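Structural overview for review
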Amino acid sequence: MKDLAAALTHRRAQHLYRARTTVDAVDGVHVIVNGVRLLNFCSNDYLGLARHPDVVTALQQGAARYGVGSTAAHLVCGHHAPHHALEEELAAFVGYPRALLFSTGYMANLGIASALLDRHAAVFEDRLNHASLLDAGLSSDAQFKRYAHNDVAQLRTLLSASTSAQNLIMTDSIFSMDGDLAPLPALVECAREHNAQLMIDDAHGFGVSGAQGRGALEQFALSSTDVPIYMATLGKALGCFGAFVAGSEELIETLIQESRPYIYTTATPPALAEATRASLRVVQTESWRREHLRELISTFRGGAQQLGLRLLDSATPIQPIIFGEAADALAASEKLRAQGVWVSAIRPPTVPAGSARLRVTLSAAHSIEHVERLLCALENAA
Ligand SMILES: *Cc1c(COP(=O)(O)O)cnc(C)c1O
């Protein structure tokens, strides 16, 4: 076994030590940490639904009715009516024949790869894919190939050279640390040309992208035949917890039969499925949340550009500010914190070396004044 103490000391010296911050209480977009009230710009609660009264009530009523635990895996006796209803509602919302709930997005990605890829297959992934997608490909039996970020030409070259019986392309639709979009229409085209399957992870688009929040397919006017495997999480814009995969009848049945991260785990609490159903209704009825979010994004970008900050080409609620060195990103994060604003620093290996950043995330729960406070704090920190 490696020398744990030495490895931890080395990590600290590199400014790569990770520490958790304990949130004692939440008050809207503010959190209380060590008795200090901080304006929060690091959550993935893009639509502000984690504390929506309808969602909270649905969880409480669900618990009163179904208890807390589901008591077993889905294939034993853990699959309850609220799970089933939620799956049908999710499938209808994103425009697929069926959907299947997973406990987490990480497990959903592992579950897709483990069920669909064998040693005769090859998997192709964007270099900046979320760690769970990369882990899914790496831990499968398939040949693993990475292409440069959004480089469809390189992907074409790799696919042309592939001798595998089955080729699967896996990509984030919105990249979680950069906030930019995958070129989905070009990827659909490329998959067609090479008879490959295309899977997208829409963790950051579901609920947010498209006028109705149906996600990446709505945004790019694509169909379920263009993107046969769709995955999204329920812990981000929906403000709940868990994930789902949407696809054909055969895909979903295959996952039920063969996906080990689906089969060998306890089903999520039925009350949570009730809360998620309530959240999905709010996504559909309160479209002002998406409109307001877009306004916040443009206010932030306009202000940050005036301050000369280094932004990335992102039109999404994920708005990174690049600092380069881990120590600089950390120092900026601490200066904001001293002003009552919380933006976490993201360092390697989560992002490539030399691209440490502050990852600002905006939420429909923020007001324009909140964004102005952030800009003011950034100006003071510069
Ligand atoms: C958050 C995230 C996941 C993991 O989802 P969890 O439900 O948090 O496990 C997967 N993919 C992407 C792109 C994500 O951002």
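To be clear, the structure that these remarks concern was listed above.
Scoring rules and cut-offs
- Residues numbered from 1 in each chain as written.
- Predicted model: local features only at pLDDT ≥ 70, side-chain atom pairs only at ≥ 80, totals over all residues.
- Heavy atoms only, no water.
- Pairing = 2+ DSSP bridges.
- Helix = DSSP H or I, 4+ residues; strand = E, 2+ residues; numbered from the N terminus.
- Contact = heavy atoms within 4.5 Å.
- Axes fitted to C-alpha atoms, helices over the stretch in contact; angles between N-to-C directions.
- Buried < 20%, exposed > 50% of the residue type's maximum accessible area, 1.4 Å probe, protein only.
- Arc of directions from axis to C-beta.
- Right-handed = clockwise from strand over helix to strand, strands pointing away.
- 1 Å grid on protein atoms, 1.4 Å probe; cavity = no way out; pocket = protein on both sides within 12 Å on 5 of 7 lines; lining within 4 Å.
- Points joined across faces, edges and corners; volume = space filled by probe spheres on them.
- Nonpolar A, V, L, I, M, F, W, Y, C, P; charged D, E, K, R; others polar.
- Lys, Arg positive; Asp, Glu negative; His and termini not counted.
- Salt bridge = Lys/Arg side-chain N within 4 Å of Asp/Glu carboxyl O.
- Polar contact = N/O pair within 3.5 Å; in protein donor to acceptor, adjacent residues only side chain to side chain.
- Near = heavy atom within 4 Å.
- Areas by Shrake-Rupley, 256 points an atom, 1.4 Å probe, with all protein chains shown as cover.

Let us look at the sheet that holds strand β13 (residues 345-346). Here we have 3 strands laid out as an open sheet, ordered β11-β14-β13, and antiparallel in their pairing. Edge positions in the sheet fall to β11 (318-324) and β13, since each of these pairs with one other strand and no more. Two strands pair when backbone bridges link them, and β11 and strand β14 (residues 356-361) are joined in this way by 6 bridges, in the antiparallel orientation. Bridge assignment links Pro320 to a residue of β14, and that residue is Arg359. Strands β11, β13 and β14 of the sheet are contacted by helix α14 (residues 326-338), whose axis makes an angle of about 40° with β14.

What follows deals with helix α10 (residues 249-258). All buried positions along α10 are accounted for by Leu251, Ile252, Leu255 and Ile256. For α10, the arc enclosing every buried residue in end-on projection is 135°, short of the 170-degree limit, so these residues lie on one face. Set apart from the buried face of α10 by more than 90 degrees, the exposed residues are Glu250 and Gln257. Its buried side turned inward, α10 meets α3 (74-78), β4 (98-102), α5 (105-116), β9 (229-233), β10 (243-247) and α11 (260-263).

Of all the 5 residues making up strand β8 (residues 197-201), 4 are buried; the element is thus mostly covered by neighbouring parts of the structure. Judged from the 5 bridges that link them, strand β7 (residues 166-172) and β8 form a sheet pairing that is parallel. Bridging from a neighbouring strand, Leu168 pairs with Gln197 of β8. Taking the sense of rotation as the criterion, the β-α-β connection linking β7, helix α8 (residues 184-193) and β8 turns out right-handed. Bridging between β8 and β9 involves 3 bridges; their strand directions are parallel. Residue pairing across strands places Met199 opposite Ile229, the latter belonging to β9.

Attention shifts here to empty space enclosed by the protein. All told, the structure shown has 2 cavities of 30 Å³ or more when counted by the stated rule. Around the largest cavity, the lining residues are His74, Leu101, Phe102, Ser103, Pro261, Tyr262, Thr265, Thr266, Ala267 and Thr268. Counting only elements with at least two residues in the lining of the largest cavity, the list comes to β4 and α11. Along the lines of polarity and charge, the residues of the lining of the largest cavity split into 5 nonpolar, 5 polar and no charged. Contributing to the lining of the second largest cavity are Leu86, Leu101, Phe102, Leu234, Phe241, Gly242, Ala243, Thr268, Leu272, Ala273 and Thr276. Secondary-structure elements contributing two or more residues to the lining of the second largest cavity are β4 and α12 (270-285). Ranked by the residues each element gives to the lining of the second largest cavity, the list is headed by α12, at 3 residues. The class makeup of the residues in the lining of the second largest cavity is 8 nonpolar, 3 polar and no charged.

In this section: the side chain of Asp180. As for its position among the elements, Asp180 is in the loop between β7 and α8. The charged side chain of Asp180 is buried without a salt bridge, its nearest counter-charge being Arg357 at 7.7 Å. Looking at Asp180, its side chain comes within polar contact range of the side chain of His149, at 2.7 Å. Beyond its immediate chain neighbours, meaning those up to four positions away, Asp180 contacts His149, Asn150, Ser173, Ile174, Phe175, Asp313 and Ser314.

With that out of the way, let us pick up the site of the ligand. Taken together, 14 residues surround the ligand, and among them Gly105, Tyr106, Asp201, His204 and Lys236 come closest. Within the backbone of Tyr106, one N or O atom sits 3.0 Å away from an oxygen atom of the ligand. A distance of 3.4 Å is found between a nitrogen atom of the ligand and a side-chain nitrogen or oxygen belonging to His130. Protein coverage of the free-state accessible area of the ligand, which is 380 Å², stands at 82%. Tallying contributions element by element places α5 first for the shell around the ligand, with 3 residues. For the shell around the ligand, the residue count by class is 2 nonpolar, 9 polar and 3 charged.

Function-wise, these values are silent; they only describe arrangement.
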